[in-house]
Amino acid sequence: MDFGKKSNSNSLLIPIIAGGIFIVLGGLAIGALTPSVFPDQASAESEQVDTLFRFLLVIGGAIFLLVQGLLLYSVLTFGKRDDDEEDGPTIHGNTTLELVWTAIPAVIVLILVIYSYQVWVDIREPNENETTITAVGARYAWTFGYEDAQGRTVADSQDVIRGALPDLHTYAGQHVVMSMQTQDVIHAFWIPEMRVKQDLLPGRTTEIRFTPIVPENGWDYTDEASGTQYNRYRVVCTELCGSGHGNMWANVYVHESEEAYLEILEREVFDPIINPPADPVIRGRQVIQNYPCSGCHVLSDVGWAGVTGPVLNGVGDRAATRVAGQTAEEYLYRSLHYPNEYLVPGYGALMPQFQPGDPAGANYMPTNDFYAIVSYLCTQTGSGESNCDLDNLRNVIDADNPDNPVTFGAGADATDVEATAEATAEMETTSEAEMTPEAEVTPAAEDTPEPDANIGVGS
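Just so you know, these numbers come straight off a predicted model, no measurement behind them. (Residues numbered from 1 in each chain as written. Predicted model: local features only at pLDDT ≥ 70, side-chain atom pairs only at ≥ 80, totals over all residues. Heavy atoms only, no water.)

### Things to note about the confidence of the model for the protein chain
No. 1: Looking at the protein chain, pLDDT values average 78 and 81% of them are 70 or higher.
No. 2: Summarising per-element confidence for the protein chain, the mean pLDDT is lowest in helix α12 (residues 437-440) (31) and highest in strand β6 (residues 187-191) (96).
No. 3: Scored below 50 in pLDDT, residues 154-162 shows 26 contacts in the model against residues more than four places distant or in partner chains.
No. 4: When the criterion is pLDDT under 50, residues 409-459 qualifies, and its contacts beyond four places in sequence or with other chains add up to 104 contacts. (pLDDT = per-residue confidence, 0-100. Helix = DSSP H or I, 4+ residues; strand = E, 2+ residues; numbered from the N terminus. Contact = heavy atoms within 4.5 Å.)

### Considerations on the pattern of salt bridges
No. 1: Summed over the entire model, instances satisfying the criterion amount to nine salt bridges.
No. 2: Here Arg267 makes a salt bridge to Glu263, at a shortest N to O gap of 4.0 Å. Here Arg267 and its partner Glu263 are both found in helix α4 (residues 258-274), four residues apart, which amounts to about one turn of the helix.
No. 3: Judged by relative accessible area, which is 30%, Arg267 ranks as partly exposed.
No. 4: Note on Glu263: relative accessible area 35%, which makes it partly exposed.
No. 5: A single network of salt bridges, built from pairs that share partners, joins Glu130, Glu207 and Arg209. (Salt bridge = Lys/Arg side-chain N within 4 Å of Asp/Glu carboxyl O. Buried < 20%, exposed > 50% of the residue type's maximum accessible area, 1.4 Å probe, protein only.)

### Comments concerning a nonpolar patch on the surface
No. 1: Taken together, the side chains of Leu13, Ile17, Ile21, Val24, Leu25 and Leu28 make up a nonpolar region of the molecular surface, amounting to roughly 550 Å² of accessible area.
No. 2: Among the secondary structure elements, Leu13 is positioned in helix α1 (residues 2-33).
No. 3: By relative accessible area, which is 46% here, Leu13 ends up partly exposed. (Patch = residues over 30% accessible without salt bridge, like charges linked within 9 Å, V, L, I, M, F, W, Y side chains within 5 Å. Areas by Shrake-Rupley, 256 points an atom, 1.4 Å probe, with all protein chains shown as cover.)

### Section: the state of the cysteines
No. 1: The full count for this structure, using the stated rule, is one disulfide.
No. 2: Two residues, Cys378 and Cys388, share a disulfide whose sulfurs are 1.7 Å apart. Taking the sign of the torsion about the S-S bond as the criterion, the disulfide between Cys378 and Cys388, at about -80°, is left-handed. Of the two residues, Cys378 is situated in the loop between α8 (367-377) and α9 (390-400) and Cys388 in the loop between α8 and α9; the sequence distance between them amounts to ten residues.
No. 3: Take Cys388: its relative accessible area is 16%, and that puts it in the buried class.
No. 4: The closest cysteine sulfur to the non-disulfide-bonded Cys237 is located on Cys241, 4.0 Å from its own sulfur. (Disulfide = S-S within 2.5 Å.)

### Structural notes on the packing of helix α7 (residues 328-337) against α8
No. 1: At a minimum axis distance of 10 Å, the contact between α7 and α8 shows a crossing angle of 125°. Classed by the angle they form, the pair α7 and α8 counts as oblique. Where α7 crosses over α8, the handedness of that crossing is right-handed. Where α7 abuts α8, its residues Glu329, Leu332, Tyr333, Leu336 and His337 lie against Phe370, Ile373, Val374 and Leu377.
No. 2: Each residue belonging to the contact of α7 with α8 can be placed in one class, and the counts come to seven nonpolar, one polar and one charged. (Axes fitted to C-alpha atoms, helices over the stretch in contact; angles between N-to-C directions. Parallel < 35°, antiparallel > 145°, perpendicular 65-115°, else oblique. Left-handed = near helix turned anticlockwise from the far one by under 90°. Nonpolar A, V, L, I, M, F, W, Y, C, P; charged D, E, K, R; others polar.)

### Looking at the pairing of strand β7 (residues 196-200)
No. 1: Alternating residues of β7 divide into Val196, Gln198 and Leu200, all buried, and Lys197 and Asp199, none buried.
No. 2: In this sheet, β7 lies alongside β6 in antiparallel orientation, the contact comprising five bridges. Bridging across to β7, His187 finds its partner in Leu200.
No. 3: The loop that links β6 with its antiparallel partner β7 comprises four residues; one of these, Arg195, has a positive phi angle of about 60°. (Pairing = 2+ DSSP bridges.)

### Brief notes about the packing of aromatic side chains
No. 1: Considering all chains together, one arrives at nine aromatic pairs under this definition.
No. 2: Relative to Tyr230, the ring of Tyr221 lies with its centre 5.4 Å away and its plane at 20°, an arrangement referred to as stacked.
No. 3: Arranged with centres 5.5 Å apart and planes meeting at 85°, the rings of Tyr291 and Phe354 form a pair that is edge-to-face. Here Tyr291, found in the loop between α5 (280-287) and β12 (298-299), pairs with Phe354, found in the loop between α7 and α8; they are 63 residues apart in sequence, far enough to count as distant.
No. 4: Above the ring of Trp249, the side-chain terminus of Arg234 is found at 3.4 Å from the ring centroid.
No. 5: One cation-aromatic arrangement involves Arg394 over Tyr371; the distance from NZ or CZ to the ring centre is 5.1 Å. (Phe/Tyr/Trp six-rings, centres within 6.5 Å; stacked < 30°, edge-to-face > 60°. Lys NZ or Arg CZ within 6 Å of the ring centre and 35° of its normal.)

Here's what the structure looks like:
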């Protein structure tokens with residue numbers, strides 16, 4: 001009997017060893033091959049995160065193969081035979097086996113806790129010479145604030161406002177810390193290629209750090225103006241924040257050098273702010289894209305395709321007919337400044353109330369931007385011509401904000417700041433017949449409002 005048991009043990013030894021080797025090699029293969037379908041590694045942090053994930057995949061893959069192998073072996077070896085009508089044997093357990101399958105997972109989990117915690121600490125550790133970029137999440141768009149080479153963010157006059165863009169710009173090797181706030185509900189900042197994710201919580205400022213790098217496949221794009229190279233990724237929201245959640249994304253541009261990055265900021269952020277175009281319509285078309293409006297509204301002229309707010313195509317034509325006794329420019333201005341007074345049927349009170357008084361406060365919009373944006377929206381007509389009196393618009397804003405008078409184009413004749421035919425043509429405004437399919441799905445009440453109803457465009 002002893003020889004028989006020894007022989008039986010020897011016969012099982014080879015399959016056990018072979019199975020163990022298969023499980024180990026299989027786990028290594030899963031850990032090595034699965035990350036090949038991941039996005040590019042575009043940050044220093046992504047390398048650490050992917051290494052940790054590979055480790056998890058190796059262990060998880062080996063356990064998966066072990067469990068599935070034992071299940072398959074048990075089915076084939078101990079499965080009920082067709083001619084077997086007896087009860088199965090009563091097994092009371094095996095203390096040694098239970099200790100083993102409890103102790104081994106406990107040790108594995110402990111190792112993973114220590115390893116993952118160390119990675120988490122490393123990727124959140126402050127770096128020297130960090131650049132702080134502010135991010136604001138609002139239903140349903142992102143905006144990002146920057147400092148210029150002189151450290152300016154908010155100037156002392158209304159002529160220069162906080163540098164903000166609807167896109168995130170950085171450069172390879174730059175240590176970035178994102179300082180993030182939400183204007184409404186919980187959002188989540190996630191860049192898959194950077195392997196970073198952080199929630200934005202109401203009433204709190206949260207942070208996340210990353211250092212962009214050049215991925216293995218190099219640069220994908222070249223900036224036509226400067227000839228420098230860059231890559232483009234996306235930042236998306238991963239917390240369900242409402243019906244426009246799927247449209248809440250922004251581009252992330254990683255430039256090849258600090259010089260290229262600063263040139264972009266100067267050209268696209270600070271120069272248009274410090275040296276605005278003489279034509280408020282052109283200025284309005286630029287500055288409206290710096291506010292979180294694109295996530296809600298359709299505006300074909302600038303490529304917006306939002307789904308939760310009224311369509312802005314043709315709003316210059318409708319504005320003069322929305323509220324009895326109000327001109328087009330007055331209606332558009334008050335829709336920006338007091339949006340809850342102007343709710344189109346079918347749309348909720350989601351739009352933030354922009355305020356011109358506190359540059360450090362939430363939803364800040366200087367009076368110059370009010371003036372420029374309304375001037376631009378006035379040209380969103382079927383003919384492309386402005387439907388507003390800009391002199392009256394200036395008076396409306398001055399009367400409403402006596403401490404923050406409009407300084408855009410101050411000292412110039414009215415003809416100097418009115419939209420020229422050439423400027424209007426540059427806007428390439430979209431007529432009603434040219435609306436995108438999204439724009440055509442406009443509530444009937446938007447086109448034919450009820451008489452004497454307190455309704456409007458919202459923004």
